[in-house]
Amino acid sequence: MMEKYKILIVEDDSDLREGLSFFFSNDGYDVLEAETKKEGLQEIKKGGCDLVLLDCNLPDGTGFELCKEVRSYSNIPIIMLTARDTELDEIKALELGVNDYLSKPFSLGVLKARMKRILQEKSESTKMISGELSIDQSVCKVYKRVEEISLSKLEYRLLLYLVENKNHILPIMSSPKCKFFAGLVTIHSRIKNGSRILQAKLVRSRLTVFI
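Residues numbered from 1 in each chain as written. Predicted model: local features only at pLDDT ≥ 70, side-chain atom pairs only at ≥ 80, totals over all residues. Heavy atoms only, no water.

Points about the confidence of the model for the protein
Alright, step 1. Overall, the predicted model of the protein reaches an average pLDDT of 79, with 74% of residues at or above 70.
Alright, step 2. Of all helices and strands in the protein, the one with the weakest mean pLDDT is helix 7 (residues 187-204) (52), whereas strand 2 (residues 30-34) scores best (97).
Alright, step 3. Counting interchain partners and residues more than four positions distant, the pLDDT-below-50 stretch residues 207-211 has 16 contacts. (pLDDT = per-residue confidence, 0-100. Helix = DSSP H or I, 4+ residues; strand = E, 2+ residues; numbered from the N terminus. Contact = heavy atoms within 4.5 Å.)

Written as structure tokens, this is what we have:
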């Protein structure tokens, strides 16, 4: 199953913004648009975007300013698209944390290839694989091959903890990660109950985890 990514295009040139939106929508992406720095920040703070295409010159600020602010709370991939083609601008952008930098005019094919590489790296860095089981930490979802397994928040965190510590005997009560599962008073009973439910769900999906 091909993963569908959501991208945000922050660009004040309406022709370019709409052209990019049309191209990537037809290529299978969910596309959001923003014309200003303020609109771009609002969309990013909502969450859910996988990558940002960012113009350097915006009506109410610069892409450099937006990137600096975003990097204070998010590592969302950013590709800067700009008419500025000096080495100093590129160095500044990279030092601020952009993942790639393209000078206008640019090839859509090259942009698409760079986006694909960055998104693939992002996907691989947030996924854990254990046999037929895969955990996508970026969206807190669990799959058996391509089929999603529905888990509660507690069950998801418990499974993640177990997979992170596979082949180890876990001292549940003394583990600092217990704070993820429950309050100090009820932790033991809740984990035991959550373990039984989680095991049952995995068994129904023909997966086995020893809990």
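So much for the structure itself; the text now carries on.
Let's talk about the packing of aromatic side chains
Alright, step 1. Under the definition given, this model contains two aromatic pairs.
Alright, step 2. An angle of 85 degrees between the planes, with centres 4.9 Å apart, marks the rings of Phe 23 and Phe 24 as edge-to-face.
Alright, step 3. Using a relative accessible area of 27% as the deciding quantity, one classes Phe 23 as partly exposed.
Alright, step 4. Plain terms: the ring middles of Phe 24 and Tyr 29 are 5.6 Å apart, the flat faces sit at 90 degrees to each other, and that makes the pair edge-to-face. Assigned by exposure class, Phe 24 and Tyr 29 land together as buried.
Alright, step 5. Over the ring of Phe 64 we find Lys 92, and its NZ or CZ is 4.5 Å from the ring centre. (Phe/Tyr/Trp six-rings, centres within 6.5 Å; stacked < 30°, edge-to-face > 60°. Buried < 20%, exposed > 50% of the residue type's maximum accessible area, 1.4 Å probe, protein only. Lys NZ or Arg CZ within 6 Å of the ring centre and 35° of its normal.)

Overview of the side chain of Asp 89
Alright, step 1. With respect to the helices, strands and loops of the structure, Asp 89 is situated in helix 4 (residues 87-96).
Alright, step 2. For Asp 89, a relative accessible area of 14% puts it in the buried group.
Alright, step 3. If we ignore the near neighbours within four places in the chain, the residues touching Asp 89 are Phe 64, Arg 84 and Tyr 101.

Things to note about unusual backbone geometry
Alright, step 1. Omega for the bond connecting Lys 104 with Pro 105 falls within 30 degrees of zero, at -5 degrees, which places this linkage in the cis form.
Alright, step 2. Positionally, Pro 105 belongs in the loop between strand 7 (100-103) and helix 5 (108-125).

Observations regarding the pattern of salt bridges
Alright, step 1. In the structure shown here, the tally under the stated rule is twelve salt bridges.
Alright, step 2. For Arg 117, the salt bridge is made with Glu 121, and the minimal N-O distance between the two is 3.7 Å. Taken as a pair, Arg 117 and Glu 121 lie in helix 5 at a separation of four residues, close to a single helical turn.
Alright, step 3. Arg 117 gets classed as partly exposed once you look at its relative accessible area, which sits at 37%.
Alright, step 4. Under the relative-accessibility criterion, Glu 121 is labelled partly exposed at 44%.
Alright, step 5. The network of salt bridges with common partners includes Asp 100, Arg 114, Arg 117 and Glu 121. (Salt bridge = Lys/Arg side-chain N within 4 Å of Asp/Glu carboxyl O.)

Brief notes about the environment of Gly 40
Alright, step 1. Looking at the secondary structure, you find Gly 40 in helix 2 (residues 37-46).
Alright, step 2. Leave out the neighbours within four places in its chain, and Gly 40 touches Leu 8, Val 10, Ala 34 and Leu 66.

Considering the side chain of Glu 11
Alright, step 1. Tracing the chain through its elements places Glu 11 in the loop between strand 1 (6-10) and helix 1 (14-26).
Alright, step 2. What makes Glu 11 buried here is its relative accessible area of 3%.
Alright, step 3. Polar side-chain contacts of Glu 11 include one of 3.0 Å to the side chain of Lys 104.
Alright, step 4. Setting aside chain neighbours within four positions, we find Glu 11 in contact with Leu 16, Arg 17, Ala 34, Glu 35, Asp 55, Leu 58 and Lys 104. (Polar contact = N/O pair within 3.5 Å; in protein donor to acceptor, adjacent residues only side chain to side chain.)

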